[in-house]
Amino acid sequence: MTVPLTGYLDRISARPGERLAVKVSSTLPGDYEADLVRVISGDPNPAGPGLILRPVPAAFAGRYPGRFQPTHLGSCALVAAMEGMALPPDPRRGLTLGLRVQPWLLTDQPAVLMARQDAAGHGWRLSLSKAGPVFEAQWPGGHASCALAAPPLPRAWYALTVEIHDGTVRLSRAPLRQVWGAGGDAGAAEAAGFRLDTLPAAPLSIGAARRDGAPQAVFDGRLEDPFLCTGEAPPAGPAEGPGLLAWWDFSIGIDTQSVVDRGPRGLHGRLVNLPTRAVRGSRWDGSAMAWTQAPRHYAAIHFHADDLADCRWETDFHVEIPAGLPSGAYGVRLRAGGQEDIIPFYVLPPRGTATARVAFLASSFTYQAYANHARGNADAAYRARRDAWGAYPHNPDDHRDYAHSTYNRHPDNSGVALSSRLRPILTWRPGFLTFNDARGSGLRHYPADTHLIAWADALGIEMDILTDEDLDNEGWRCCAYKVVLTGSHPEYHTPGTLDALQEYVGTGGRLCYLGGNGFYWRVARRPDLPHVIEVRRAEGGIRAWAAETGEYYQQLDGGYGGLWRRNGRPPQMLAGVGFSSQGLFEGSHYRRLPDSRAPDMAWIFEGIEGDILGDFGLSGGGAAGFELDRADPSQGSPPNIRILARSEGHQSHFVAVPEELLSHVNTVTGERPAALIRAEIVYFETAQGGAVFSTGSITFCGSLPHNGFDNPVSRMLRNVVTRFASESLS
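Residues numbered from 1 in each chain as written. Predicted model: local features only at pLDDT ≥ 70, side-chain atom pairs only at ≥ 80, totals over all residues. Heavy atoms only, no water.

**Some words on the side chain of Arg-280**
Thought 1: Relative to the helices and strands, Arg-280 is located in the loop between β23 (276–279) and β24 (300–303).
Thought 2: Within the structure, the side chain of Arg-280 is placed 3.4 Å from the side chain of Glu-548, a separation counted as a polar contact. (Helix = DSSP H or I, 4+ residues; strand = E, 2+ residues; numbered from the N terminus. Polar contact = N/O pair within 3.5 Å; in protein donor to acceptor, adjacent residues only side chain to side chain.)

Pasting the structure below:
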C-alpha cells in the first residue's frame, strides 16, 4: 500500500547557505501545499504538551503539482557494458553460461538468476523455482525453453550450467556438497529449437530481470561466479583462459557496489539496490571467519526481493537554509486533500561556529537503524488511540513500499543488515506512535527525543542541534560546546562517532547521556554511500536476528560487527553505565543513594526533596524503564564514578540482557540475574574540566514534560545542564 502523500530529503541536516532537495510522491488529485515548520514537540498525547509545530516563513512555501513517483524494490547486478555487444563473437562456436546458486526462498514462480533481455522481453533468461531450473529464450516470432525437473533444497549450493550449440541447449545441475535426500542429485536436460543468432545484444542482469529500469522476478538467495565462455563448461567452474568471455568474480570489491569481470573484455557492472555482500559462498569451510582473510570463501552476493538503496525520486523543489535561521528541528510540511506529511530535518549552526553552549546530538544512526520497523503491533487498540490523538496515521505494518528496518527480516528470513535514508521513513515523523503505551505516549526515537527539545524550549535553554552523521563526517571538533546532550536511545555508533565523543569528554567536554541501551551496536559507513548504514548482529546482545556464523565482519568497512562491548569498547568506558536489563515498555522510578546527599553533589539535587525520582512520565509511566543501564567497573566505569540513584520496583517481565549471563543462574559479574535489573544515575569528572552525567534509562526524557516541565526530573537535569554550561564545575 502506498502512502497518499509523502516524501524524503537528500540529506537530514544542513547549515545556513546550504540547501536540501525535496522529493515528493502524491496519489492525490491536483496540487499539494508545502511550507516549513519548526518541530518543538512530536508527542500527540493530550496528557503532555501535545504536538507543537511552529510555522516558519520560507522561500519555497507554496503550491506544487502532485505526481506519483514509484519505488522499485529488489536487488540485482547490472552489466550495462554488454549492451550492443555480440556474445559469443561467432555463434557457430556456441555459448556456455553458468553460475553457483544457493536458494533461500523458493516459490512456484521462477526467479531470475541471469538474464539478457531487451525492453520487449526478447533474449534469454536462466531462472529457478520450486520445480527446478529453466532456461528460456525469446525472439521475434519464436520462443524455446529447456526445463530440468530437479527441485532444489533451500540453502544447498548447486552449480548450474547452460551449454548452447547448434540450436540445442543442455541445462545441467550439480550439487557442490553432499546433499542427502531429494534435491541432492546431479541432473541434465536438453531441448532444441534455440536461435542464438537472433537474440538481442542487451545488458546482462544477475539476480533479477530488468524491465523499465526496475528489477523483476528477483531471486532471494546467493549467487556466485556467473560466467560466459565458448566451448564446453570448465569442469571446476570459470577460469581465465582463451575460451573465457566474462567471469564476474564477486570476491573482488566486496566493500563496494561494483562487480568486477575477470574476463578479457573487462565487462564490469554495478549493483542495484544494496544486496548483501561479505556472506559465505560455496567454498566457505570455516577456516576463515573474516572475508578480508579469504575473499574467495566469500565470493557470493545475497540478493533480496525487498532490498532498497534509494527510491531515486526526482526533486520537486529545494529548501534553502537562510542565514540567521536558528539551529533546531524542522520539517517540510506537505498538505493536500486532508492528508499531511512532515519530512524532518535539522538546521545546524554555521560551519565552525556554535550559537549556544549546549548541543543536542540527534541519534540519527539509531533512527535509521529502526527506519520503517514493522513490529506487527498495529492492532485495533493501537489504531484507535492513533486516530483519537490525531497521531501520524501511517505504520510500516501497512506499508512495504519503502522497505523495512534492520530489525526486520527479508522474505527469505535473512536479517536486514543495510539501511538507507533515501526513502520515506514513516517511523521518523512527528507524532508517530511505536507502542500503545497504557501509561504514556508510546514514543521512541525521533518523536521521543522531542521531549528533550520541548524541555529546552519551555525552560528557555538555548540549544544547537547536531546529528550522528555530522559527528561522523566532521569529528569531535564539531562539538564546540560546553555540553552535549544525547537523546533517549543513542544505540548505534560508528568508530568515528565513538572516537569523537571519547575525545570530546577527554578534552574538557561535558556529556549528558540521557537514555538507555546506548553506544551498543557498531555500525559501518562508506564515504561513497553516505546515506547507508550497516549493522551485523554478531554473537551476543539483544538481537532481532542473528548473523550467520562467519558473517560477523561488515561489508562496508571490513570491521568486526556486533556489540561495541565485543569490540573492546563497552558503553561504560564513555558513559559510565551500560546495558543491563530489558523489559516491556513500562517504567518505574529511581531511589536516591547516599552519594546524592554528599556535599559535593548537592548542586545536582538543589530544589529536590525526597528520595523518589521519576515515578511519572509520558514514556511507560516512569523515568526508569524499558531498557536499563548500570555502572560496572569490570566494563570500564571509572574509579571516580558516583552512583547517585538506582531504579527499583520493576515489573516481573524485566530480565538481564544475554551478554551478562553465563547460564540461567550465573552472570559475568557473579551477581544474581535479578540484581542486574537496575538503572543507575551516575556522575564523574574527566580530564581538563570535563564531566559525564548519565541516567541509564530509555524512558528518562519522557518524564521531563510532567506537570508543565516543573518536576524533580526536570529540575535535576536543569541543574546539571546549567552547571555543565558554566566555565567551571566548582
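**Digging into the sheet that holds strand β9 (residues 111–117)**
Thought 1: Pairing in this open sheet of eight strands is antiparallel, and the strands run β12-β11-β10-β9-β16-β7-β22-β21 from one edge to the other. With partners counted over all chains shown, the strands left at the sheet margins are β12 (142–147) and β21 (258–259), one partner each.
Thought 2: Direction of pairing for strand β10 (residues 123–129) relative to strand β11 (residues 132–139): antiparallel, over a ladder of seven bridges. Paired with Ser-129 across the strands is Gly-132, a residue of β11. (Pairing = 2+ DSSP bridges.)

**Some details on the side chain of Thr-467**
Thought 1: Looking at the secondary structure, you find Thr-467 in strand β30 (residues 463–467).
Thought 2: A polar contact of 2.7 Å, which involves the side chain of Thr-467, links it to the side chain of Asp-470.
Thought 3: Setting aside residues up to four positions removed in sequence, Thr-467 forms contacts with Ile-12, Ser-13, Tyr-346, Leu-361, Ala-362 and Ser-364. (Contact = heavy atoms within 4.5 Å.)

**A few points about the environment of Asp-10**
Thought 1: Structurally, the position occupied by Asp-10 is in the loop between β1 (5–9) and β2 (13–14).
Thought 2: Under the relative-accessibility criterion, Asp-10 is labelled partly exposed at 28%.
Thought 3: Separated by 521 residues in sequence, Asp-10 and His-531 place their C-alpha atoms 8.5 Å apart.
Thought 4: Among residues more than four places away in sequence, those in contact with Asp-10 are Leu-20, Ala-21, Lys-23, Arg-421 and Leu-422.
Thought 5: Side-chain polar atoms of Asp-10 contact the backbone nitrogen of Ala-21, separated by 2.8 Å. (Buried < 20%, exposed > 50% of the residue type's maximum accessible area, 1.4 Å probe, protein only.)

**Things to note about the nonpolar core**
Thought 1: Among the nonpolar cores identified, the biggest contains 85 residues, and Trp-455, Ile-604, Phe-700 and Phe-724 are the most heavily contacted of them.
Thought 2: Per-element tally for this core: the top contributor is helix α3 (residues 445–459), with seven residues.
Thought 3: Sequence-distant contacts of Trp-455, defined by excluding residues within four places in its chain, comprise Ile-461, Leu-704, Phe-709, Ser-714, Leu-717, Arg-718 and Val-721.
Thought 4: Among the nonpolar cores identified, the runner-up in size contains 48 residues, and Leu-106, Ala-111, Tyr-158 and Phe-194 belong to it. (Core = buried A, V, L, I, M, F, W, Y, C linked by side-chain atoms within 4.5 Å.)

**Here's the deal with the pairing of strand β25 (residues 317–320)**
Within a regular beta strand, the side chains point alternately toward one face of the sheet and then the other, so they alternate between its two faces.
Thought 1: By the alternation rule, side chains of β25 split into Phe-317 and Val-319, which are all buried, and His-318 and Glu-320, of which none is buried.
Thought 2: Direction of pairing for strand β3 (residues 19–26) relative to β25: antiparallel, over a ladder of four bridges. Pairing of Val-22 across the sheet is with Phe-317, part of β25.

**Points about the packing of α3 against helix α8 (residues 712–724)**
Thought 1: Where α3 contacts α8, the axes come no closer than 12 Å and their chain directions differ by 75°. Taken together, the axis directions place α3 and α8 in an arrangement best described as roughly perpendicular. Where α3 approaches α8, its residues Leu-452, Trp-455 and Leu-459 are matched on the opposing element by Ser-714, Leu-717, Arg-718 and Val-721.
Thought 2: Here the residues of the contact of α3 with α8 sort into five nonpolar, one polar and one charged. (Axes fitted to C-alpha atoms, helices over the stretch in contact; angles between N-to-C directions. Parallel < 35°, antiparallel > 145°, perpendicular 65-115°, else oblique. Nonpolar A, V, L, I, M, F, W, Y, C, P; charged D, E, K, R; others polar.)

**Digging into the packing of aromatic side chains**
Thought 1: Evaluated as defined, the whole model comprises 25 aromatic pairs.
Thought 2: Both rings, one in Trp-313 and one in Tyr-402, keep their centres 6.4 Å apart while their planes meet at 80°; by these two values the pair is edge-to-face. Of this pair, Trp-313 sits in the loop between β24 and β25 while Tyr-402 sits in the loop between α2 (380–389) and β29 (418–420), and the two are 89 residues apart along the sequence. Across the pair, exposure class does not vary: Trp-313 and Tyr-402 are buried alike.
Thought 3: Considering the side-chain rings of Trp-603 and Tyr-683, the 5.6 Å spacing of their centres and the 80° angle between planes classify their relative orientation as edge-to-face. Here Trp-603 is found in the loop between β37 (577–592) and β38 (612–613), whereas its partner Tyr-683 is found in strand β42 (residues 680–685), with 80 residues between them in sequence. (Phe/Tyr/Trp six-rings, centres within 6.5 Å; stacked < 30°, edge-to-face > 60°.)

**Concerning unusual backbone geometry**
Thought 1: For Asp-212, which is not glycine, the phi torsion reads 55° and is therefore positive.
Thought 2: Its location among the elements puts Asp-212 in the loop between β17 (209–211) and β18 (214–216).
Thought 3: Overall, the relative accessible area of 72% leaves Asp-212 in the exposed class.
Thought 4: Phi angles above zero are rare outside glycine, and Phe-709 is one such case at about 70°.
Thought 5: Its place among the elements puts Phe-709 in helix α7 (residues 706–709).
Thought 6: A relative accessible area of 12% places Phe-709 in the buried class.

**A word on the pattern of salt bridges**
Pairing between side chains of opposite charge can happen when the charged atoms of each approach one another.
Thought 1: Under the defined criterion, the tally for this structure stands at 45 salt bridges.
Thought 2: Close ionic contact of Asp-249 with Arg-296 constitutes a salt bridge, the shortest N to O distance being 2.8 Å. Placement of the pair is Asp-249 in the loop between β20 (244–247) and β21 and Arg-296 in the loop between β23 and β24, with a sequence separation of 47 residues.
Thought 3: On the basis of relative accessibility, which here comes to 1%, the residue Asp-249 falls in the buried class. (Salt bridge = Lys/Arg side-chain N within 4 Å of Asp/Glu carboxyl O.)

**Things to note about the state of the cysteines**
Simply put, the disulfide is a covalent bond whose two ends are the sulfur atoms of two cysteines.
Thought 1: This model, assessed by the stated rule, comprises zero disulfides.
Thought 2: Among the cysteines around Cys-76, which has no disulfide bond, Cys-311 carries the closest sulfur, lying 16 Å off.
Thought 3: The thiol sulfur of Cys-701 is not disulfide-bonded, and the nearest other cysteine sulfur, from Cys-512, lies at 10.0 Å.
Thought 4: The exposure class assigned to Cys-701 is buried, which follows from its relative accessible area of 1%. (Disulfide = S-S within 2.5 Å.)

**Looking at the sheet that holds β3**
Thought 1: Spatially, the three strands line up as an open sheet ordered β1-β3-β25, and their pairing is antiparallel. Taken across any chain shown, the strands that pair with only one partner, and hence form the sheet edges, are β1 and β25. The average undirected angle you get between the axes of adjacent strands in this sheet is 30°.

**A short note on the environment of Gly-94**
Thought 1: With respect to the helices and strands, Gly-94 occurs in the loop between β7 (76–79) and β8 (95–103).
Thought 2: By relative accessible area, which is 1% here, Gly-94 ends up buried.
Thought 3: Residues Gly-94 and Gly-167, 73 residues apart in the sequence, show an inter-C-alpha distance of 8.8 Å.
Thought 4: Excluding its chain neighbours within four sequence positions, the residues that come into contact with Gly-94 are Pro-88, Ile-164, His-165 and Thr-230.

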